[in-house]
Structure formats: C-alpha cells, structure tokens
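Geometric and topological summary
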Amino acid sequence: MKHTAFPSTLGVLALSALVLMAMGCSKDFLDRDPYIGSSAGNFYQTAEDAEAATIACYAPLQVEISDGAHFRWYFGDIVSDDADKGGSGDTDEPDLLEFESFFGDPSSGIVLGEWKTAYKGITYCNIALENIPGVDMDELEKNALLGEAQFLRAYWYFNLVTTFGRVPLVTSSLAPSEYAQPQAETDEIWAQIVADLEEAAANLPEKSAYSTAETGRATRGAANALLAKVHLYQGNWAECRARCEDVVNSGEYFLDPNYGSIFTEAGENGPGSIWEIQYANNTGGNWGAQFWSDGSYTNVFQRARGTFSGYGFNLPTQDFVDEFEVWEEQIGPDLIEKTDPRLGYTVYKLGDNASDWGEITEDATGAPHLYYARKYFNPASELAPFGDPNPNGGSNDRVIRYADVLLMHAEACNRSGDDATAIVSLNLVRARATVPALDGLSGQTLLNAIWHERRVELGLEGHRFFDLVRQGRAAQLLDGFVPGKSELFPIPTAEITLSNGQLNQNPGYE
C-alpha cells in the first residue's frame, strides 16, 4: 500500500523505537538506559515509563542529517540577505543554492529532511500524549510530562507551517489505512499550536523548578515564549504582548551582561536562554547513525574550510555586516569611532583570530571570503575527544532567547500603539550591547528600529528569512523572491507521490 512517508515507526514499531530512543539524546537529563524488550503490552505502566516516553520526544530534535541536511539556518539565514551559501563552490550543496536563488527543487532532500524529521517528532509526541494519561502516577508530574510533549509537538508544527504552509495535521497515532492524510488549512494548524502551548504553559514548571541535571527540558517560560512568537506571526499583538510579559514577569530570565559569552560553551543555558536544543561532543556518533548521535553538525558546517576543518557554509553578506551601527563617542577631548560590539561576536573577518584555531586568512581557509559566521565556529579545544568530530559538535542550538522575547514585546507594543513601552524593551536589548539608547521614535520609524535590532541581535540564528516574510518585506529586500510563491518552500515530491492524491504542491512549484 502506498502512503505518506510519515515515520515508519507507527504502531508496535513506533513503540519499540520510542523505547530505544529514550537513551538517544544528549546532556544529563537525557542520559537514560534503554528499556530493552518493552512492547505496547508491558510499557506505560509506571511513572518511569512515562518519563522515558517523554524523553524520547526530544530525540528527533538532534536529527540534522536525514534524507538531506536540514537546519533552520539553511532557510532562515542563507535564503535571506544575511548570508550566502558558501561551501566549496556552487556544486557543494547545489540544492541549497537553488533555494537561495528561489528556484528550489521539490525533489530536494533538503525539504524532505525537514518534513520527515518534523513528522517523526510529532509521532513520538502523539504516542506519549495518548499513553501517558493512563499511567498511575502523581497528577502534577503527569501533566508536566504531557506539557513537554505538547510543547515539542507545537514546536514541530510551528516549523512546518512557517516552512510549508498547509501540511497534514496529525494529533493521534494512525492506523496503516490512515497514513495518507490531507493538508489542513493554516488556520487549523495555528489553532492547534496555540492550544498545545496554552496547555503546556499551564502545566509545565518554571525553569527554576528543574534541577541542573534536567537542563534542556521544556519549561513554562519556553511555552510562553514560543506562544508569543506564534501570536507575533499571526499579528495577534495583544496576545503576543501578554505572553511576553508572562516571561518577563516570571523573574526567571535576564540578559547576560556580556553578549560575547552567549555562544560560548560556558554560556550554554545561561540566564538569557529560554530554550536550547542540547548537544554534546563526547558520545561518539557517526554519519551513518543519526539517531545515535548526540552532537550537532552545525559546528563543522559553519566553521571555515582549510586549516579550520570546517565546510564554510552560512557566509555573512556585506549587507548584513553593514547593518551594525557605527557612531562617534566623546572620550575626553577626542571623538572615538565605535562599532556595535555584537558584530565582532557574530562575524569573523579576515585577519581575526578564531580562538585557538589561529588567524583567518585566505591562505588558511583556501577561499577568498571576507567573512565567516562566528556563533557556531567552535574552538578546536571543543572538538569531539573521540570518534569523528564532524557529527559531534557540542554547541547547543539557542532556539529562544530572552532578547528575542523583549524584541517581540517591543514590536507587539508598537503595533498596538504603545510606543513608550516598546522603546523601553528595545533599549534594554541595546543597553546590554552597549549601543546608544534610542529616544523620541514612534510609529513606523520605531518599528524599523525594532526590526533592525532583531537583525543584529539575533543575526545568523535562523530568524531573518522568516522575519522578512511575516513582515511583508521579503519581496522588497530579497533578489529573486517571487511573491505568492517564495513565502513557502515546496512540499517534498516524495510525499506527494506517496499521498494517494491527498497532498497538493505549493503554488509556483508545480
């Protein structure tokens, strides 16, 4: 029987995979022994079983190479005006070059990887959400576990709807006869995301309630922050503002005084981190066993080539570099030119020392590029201590930061006419970066300043393309962007072929 390529781990196979995957994620709270020999009949009996099922929901987050490399920054940065593809040339990830040029191929593994990994994650969440309620355990703990699964399902659907638009909305396990599912309207998908996140926010504990060993688990703050972003994308300004203020008023987060520390190993899960995908460099995963790798590929993909042992993708553009402010400051009798210090922590330029790798030169990289992405350009001392270092990058993916929440709050306030409050939140972010405060701005001028701040504060973290689309500015700023087509990426051809006519291609990709 033909069916959509939802994860083949449905039914008993899904339970087996789920049980084994309980050991498949990194960092302390995800290190668990597998429950060998478990089945649908003897699993979900105890609180430990429920915990294992919840932990399994995190495993697909770490799958970055599946049918094709897929990273949020592939589309968020490279398809935007912040970065060029890079690599060794046009023939290195040629599919990505086509997407960067807005001629993406629906048969590309890049979109297939996005699709399949998301639905694998959704499947694990659905299994947990269906089975945990029947476990005899403390109700508060049970509801918190369910909240984690709801948060993760919402995260996957947020990625799917912003990438593909109309996708199948699957909220329960499917029988083989049900595998071919129709596309839901985007309003239905957004409504499901909101429902999941509202319930998750009501039941999840705050960050401070978790032990250090549980760092990385979804929290109430993470649910509220993602819910704020969902409302931001839908233009629900009052709801976005309220959820941002829930995060701010929780007292759980603050801006790390040193912007430069955020993307260091020591800065992982810091005071301004709301949710990170956890990675580790010491578990020895390999290219051929993606589900058994706890490391990230982003490090090797973004480091410079040559003596830096990287692949040189996600190269910052001159336009992005020029976005960082330069101003003159009176110091004693002299006017000193200063540059937004976030530039130096976001971009390496020729002549810079890349930590313990040494100086970035054309000879050292073997390439003529002026700039390299710095945030995930990890030091040589952090490479995997054993195994292949390429799939064992240890840098966490900073998915939601407190600065993002403050800037969402500023935008929501501005959009609803409260410019005075908007500029306060905006200036909090600028003050941490030691950039001069803004004053007297209002209306569209203030909104432009907020959008500028998003670009420089969150630069090369996978936000820019999706921001430009939701802001309605992509056609204006991105060469080759085709309105009515390029807002979304193509539904994978393989999925359409296997759908028994249930899936239709996005406009412009037929």
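Our structure's up above, just so we're on the same page.
For clarity, every value in this text was computed on a predicted model and none was experimentally measured.

In this section: the side chain of glutamate 100. Looking at where glutamate 100 falls in the secondary structure, it is placed in helix H4 (residues 94–100). Nearest to the buried, unbridged glutamate 100 among oppositely charged side chains is lysine 85, at 6.4 Å.

A separate point is the nonpolar core. Within the largest apolar cluster, 111 residues are counted, with the highest numbers of intra-cluster contacts made by Tyr74, Phe151, Ile193 and Phe301. Core analysis: the second largest hydrophobic core is formed by 11 residues, Phe308, Leu315, Ala354 and Phe377 among them.

A few words now on the packing of aromatic side chains. Scanning all chains against the criterion turns up 29 aromatic pairs. Centroid distance tryptophan 115 to tyrosine 119: 5.3 Å. Interplanar angle 50°. Geometry classified as tilted. Note that tryptophan 115 and tyrosine 119 are positioned in helix H5 (residues 109–131) at a spacing of 4 residues, about one turn of the helix. Residues tryptophan 115 and tyrosine 119 agree in their burial class; the two are buried. Between phenylalanine 301 and tyrosine 311, the ring centres sit 5.4 Å apart and the planes meet at 55°, which makes this aromatic pair tilted. Of this pair, phenylalanine 301 sits in helix H10 (residues 298–302) while tyrosine 311 sits in the loop between H10 and strand E3 (313–316), placing them 10 residues apart in sequence. Each member of the aromatic cluster is reached from another via a ring pair, and the members are Phe71, Trp73, Tyr74, Phe301, Tyr311 and Phe313. One cation-aromatic arrangement involves arginine 470 over tyrosine 233; the distance from NZ or CZ to the ring centre is 5.7 Å. A cation sits over an aromatic face here: lysine 485 above tyrosine 509, 4.8 Å from the ring centre.

Once their charged atoms are close, side chains differing in charge can pair, the charge on each being opposite to the other. The full count for this structure, using the stated rule, is 35 salt bridges. With a closest N to O distance of 3.1 Å, glutamate 323 and arginine 455 form a salt bridge. Of this pair, glutamate 323 sits in the loop between helix H11 (318–322) and strand E4 (326–331) while arginine 455 is found in helix H16 (residues 443–457), placing the two residues 132 residues apart along the sequence. A salt bridge links arginine 342 to aspartate 340; its shortest N-O distance comes to 2.8 Å. Via salt bridges that share partners, Glu325, Asp340, Arg342, Lys375, Arg401, Arg430, Arg432, Glu453, Glu457 and Glu461 belong to a single interconnected network.

With 15 residues, helix H8 (residues 220–234) should reach 21 Å at 1.5 Å per residue; the first-to-last C-alpha distance of 21 Å fits that figure. Of all the 15 residues making up H8, 13 are buried; the element is thus mostly covered by neighbouring parts of the structure.

Turning to its location among the elements, phenylalanine 313 is positioned in strand E3. For phenylalanine 313, a relative accessible area of 2% corresponds to the buried category. When the C-alpha atoms of phenylalanine 313 and glycine 272 are compared, they prove to be 27 Å apart, with 41 residues separating the residues in sequence. Sequence-distant contacts of phenylalanine 313, defined by excluding residues within four places in its chain, comprise Trp73, Lys85, Gly86, Gly87, Asp92, Glu93, Phe301 and Gln302.

As defined by bridge partners, E4 adjoins strand E5 (residues 334–339) across 6 bridges and the pair is classed as antiparallel. For glutamate 328, the partnering residue across the bridge sits in E5 and is glutamate 337. Linkage of E4 to E5, two consecutive antiparallel strands, is achieved through a turn of 2 residues, within which glycine 332 is found at a positive phi near 65°.

The rules we used
Residues numbered from 1 in each chain as written. Predicted model: local features only at pLDDT ≥ 70, side-chain atom pairs only at ≥ 80, totals over all residues. Heavy atoms only, no water. Helix = DSSP H or I, 4+ residues; strand = E, 2+ residues; numbered from the N terminus. Buried < 20%, exposed > 50% of the residue type's maximum accessible area, 1.4 Å probe, protein only. Lys, Arg positive; Asp, Glu negative; His and termini not counted. Salt bridge = Lys/Arg side-chain N within 4 Å of Asp/Glu carboxyl O. Core = buried A, V, L, I, M, F, W, Y, C linked by side-chain atoms within 4.5 Å. Phe/Tyr/Trp six-rings, centres within 6.5 Å; stacked < 30°, edge-to-face > 60°. Lys NZ or Arg CZ within 6 Å of the ring centre and 35° of its normal. Expected span 1.5 Å × (residues − 1). Contact = heavy atoms within 4.5 Å. Pairing = 2+ DSSP bridges.

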